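Topology and contacts: notes
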Amino acid sequence: MLDLSGKTALVTGIANNRSIAWGIAQQLHQAGAKLAITYLPDDRDRTLSKVKDLVAPLSPDLLLPCDVQNDAQIDEMYGSIAKSWEKLDILIHCLAFAKKEELSGNFTDISRDGFQLALDVSAFSLISLCKGARPLMTAGGSVITLTYIGGARVVPNYNIMGIAKAALEMNVRYLAQDLGSQNIRVNGISAGPIRTLASAAIGDIHKMLHHVQEVSPLKRLVSQVEVGNVAAFLASDLSSAITGQILYADCGYEIMGA
Ligand code: NAD
Ligand code: IMJ
């Protein structure tokens, strides 16, 4: 197992025990990293209590609210991290959102405000989180985001999220260039489809999961923990020369032509 002891990691995107970010947090913890975990707050603090119980076994140093649409909340979050930790080493960006009605139907029906919402939450947020992380990553760093093949190829119904992931993947490259002089690396993991909250709501997801299991070279789906292991590698010094890349963790699906 690789060693992340002495490293600190900020993990966004845990909603429940199926979240990809939960698989990542577990593997970073197992490798010895200290964790700060954020959650998307709701009116009645239900997410807080759910996420708090879930992550308790990982004994995170910090559990902080962070809605990436709220700049003040991002500032406060980084303020808390700066108070608790001498430096930040790892940033995990594992979140996305689009209006459900824009994840099916005609692509031409995408609305201006739906476009803006999806791009703001799913792509711009990587820039704002990196901007806040930059002054804290004083010993270099590793930024990791989650993407999907629908940002590079047309996948039925992915629609507006495809545009958001294309923007996110280009953000990875520009951020890698911008932050490279500070020895901060920026990479994306393009995960194959996984049953999570963000995929359960999708019509025909079962067909898609079945298709990937049939076609992928490994004849199965990728798990959250397997994505977590790729994240642990990208977070570690073992990947010290890799930046600006999108790594496919998809059981080989991406290489197939038919
Ligand atoms: P998930 O629903 O568990 O995670 C999505 C997270 O986004 C949630 O924790 C949610 O709270 C968070 N979020 C939404 N809006 C937010 C906001 N305004 N501020 C802060 N957080 C916000 O689902 P998941 O499948 O684990 O998704 C995580 C990432 O993985 C996403 O980027 C998704 O696109 C990507 N991904 C998922 C799959 C899949 O098949 N599930 C495949 C490839 C990539
Ligand atoms: C999402 C939509 C359409 C097809 C899809 C997906 N396929 C997969 C996903 C084939 C695997 C899941 N995925 C990769 C995502 O990035 C999902 C993002 C997402 C999901 C929802 C559902 C609930 C909601 N808004 C969402 N916003 C983003 O209201």
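Residues numbered from 1 in each chain as written. Chains lettered and ligands numbered in written order. Predicted model: local features only at pLDDT ≥ 70, side-chain atom pairs only at ≥ 80, totals over all residues. Heavy atoms only, no water.

**Notes on the site of ligand 1**
Every one of the 25 residues lining ligand 1 counts as a neighbour, but Ser 19, Ile 20, Lys 165, Ile 194 and Thr 196 are closest to it. A distance of 2.8 Å separates an oxygen atom of ligand 1 from a polar atom in the backbone of Ile 194. A distance of 2.6 Å separates an oxygen atom of ligand 1 from a polar atom in the side chain of Thr 196. With the chains in place, 91% of the 830 Å² that ligand 1 exposes on its own is no longer accessible. Of all elements in the fold, only strand S5 (141-147) and helix H6 (197-200) reach the threshold of two or more residues within the shell around ligand 1. Within the shell around ligand 1, the residues separate by chemical class into 18 nonpolar, 5 polar and 2 charged. (Near = heavy atom within 4 Å. Polar contact = N/O pair within 3.5 Å; in protein donor to acceptor, adjacent residues only side chain to side chain. Areas by Shrake-Rupley, 256 points an atom, 1.4 Å probe, with all protein chains shown as cover. Helix = DSSP H or I, 4+ residues; strand = E, 2+ residues; numbered from the N terminus. Nonpolar A, V, L, I, M, F, W, Y, C, P; charged D, E, K, R; others polar.)

**Details of the site of ligand 2**
As a matter of local geometry, ligand 2 sits amid 14 residues, with Ala 98, Tyr 148, Tyr 158, Ala 198 and Ile 202 nearest to it. Ala 98 places a polar main-chain atom, nitrogen or oxygen, 2.7 Å from a nitrogen atom of ligand 2. The separation between an oxygen atom of ligand 2 and a polar side-chain atom of Tyr 158 is 2.7 Å. Summarising the interface, the protein chains cover 87% of the accessible area of ligand 2, which totals 600 Å² for the free molecule. If you list the elements that add at least two residues to the shell around ligand 2, you get H6 and helix H7 (205-215). Looking at the shell around ligand 2 residue by residue, the class counts come to 11 nonpolar, 2 polar and 1 charged.

**Comments concerning the sheet that holds strand S1 (residues 8-11)**
Spatially, S3-S2-S1-S4-S5-S6-S7 is the arrangement adopted by the 7 strands of the open sheet, whose pairing is parallel. Two strands close off the open sheet at either side, each with one partner strand: strand S3 (62-65) and strand S7 (246-249). Averaged over all neighbouring strand pairs, the angle between strand axes comes to 20 degrees, with direction disregarded. In terms of strand pairing, S5 meets strand S6 (residues 184-191) through 7 bridges, oriented parallel. Bridged to Thr 147 within S6 is Ser 190. The sheet strands contacting helix H1 (residues 20-30) are S1, strand S2 (34-39), strand S4 (90-93) and S5, and the helix crosses S1 at an angle near 170 degrees. (Pairing = 2+ DSSP bridges. Axes fitted to C-alpha atoms, helices over the stretch in contact; angles between N-to-C directions. Contact = heavy atoms within 4.5 Å.)

**What to know about unusual backbone geometry**
Peptide bonds are trans in most cases, and residues, glycine excluded, mostly fall at negative phi. Backbone geometry at Asp 45 places phi at a positive 55 degrees, although glycine is not the residue there. Among the secondary structure elements, Asp 45 is positioned in the loop between S2 and helix H2 (46-55). At Asn 159, a position not held by glycine, the phi torsion is positive, near 40 degrees. Among the secondary structure elements, Asn 159 is positioned in helix H5 (residues 159-179).

**A look at the packing of aromatic side chains**
Per the counting criterion, the structure on display carries 1 aromatic pair. Between Tyr 148 and Tyr 158, the aromatic rings sit 4.9 Å apart at their centres with planes inclined by 65 degrees, giving edge-to-face as the arrangement. With Tyr 148 in the loop between S5 and H5 and Tyr 158 in the loop between S5 and H5, the pair connects residues that are 10 residues apart, well separated along the chain. Both residues of the pair, Tyr 148 and Tyr 158, belong to the buried class. (Phe/Tyr/Trp six-rings, centres within 6.5 Å; stacked < 30°, edge-to-face > 60°. Buried < 20%, exposed > 50% of the residue type's maximum accessible area, 1.4 Å probe, protein only.)

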